[in-house]
Amino acid sequence: MISKIKYAGLFLFSIGCLMKFTHTGIGIIQGNLLMIFGLLCISTYALMNFLKK
């Protein structure tokens, strides 16, 4: 379960980067928003890994 959060974060971050560099967006979903959610998922994964040890 924890590693799925990491992969979801990497996926959201990479899609956000692609959307930002190509200047595309779907309604209110912009590249910056997806990048932020991706970074939040990755930092949540790191915090959960840190607290587990």
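Residues numbered from 1 in each chain as written. Predicted model: local features only at pLDDT ≥ 70, side-chain atom pairs only at ≥ 80, totals over all residues. Heavy atoms only, no water.

Chemist: Residues and numbers for the overall build of the chain, please.
Modeler: Assigned secondary structure in the chain consists of two helices and zero strands. The C-alpha extent of the chain, read off along each of the three principal axes, is 40 × 15 × 15 Å. When each of the 53 residues of the chain is scored for burial, the buried share is 19%. (Helix = DSSP H or I, 4+ residues; strand = E, 2+ residues; numbered from the N terminus. Buried < 20%, exposed > 50% of the residue type's maximum accessible area, 1.4 Å probe, protein only.)

Chemist: Requested: an account of helix H2 (residues 31–52), with residues and values cited.
Modeler: Taking 1.5 Å per residue, 22 residues should reach 32 Å; H2 reaches 32 Å between its end C-alpha atoms and fits that length. Of all the residues in H2, the buried ones are Gly31, Leu34, Met35, Gly38 and Tyr45. Within H2, the buried residues cover an arc of 105° as seen down the axis, which keeps them to one side. When the buried face of H2 is taken as reference, the exposed residues oriented beyond 90 degrees from it are Leu47, Phe50 and Leu51. (Expected span 1.5 Å × (residues − 1). Arc of directions from axis to C-beta.)

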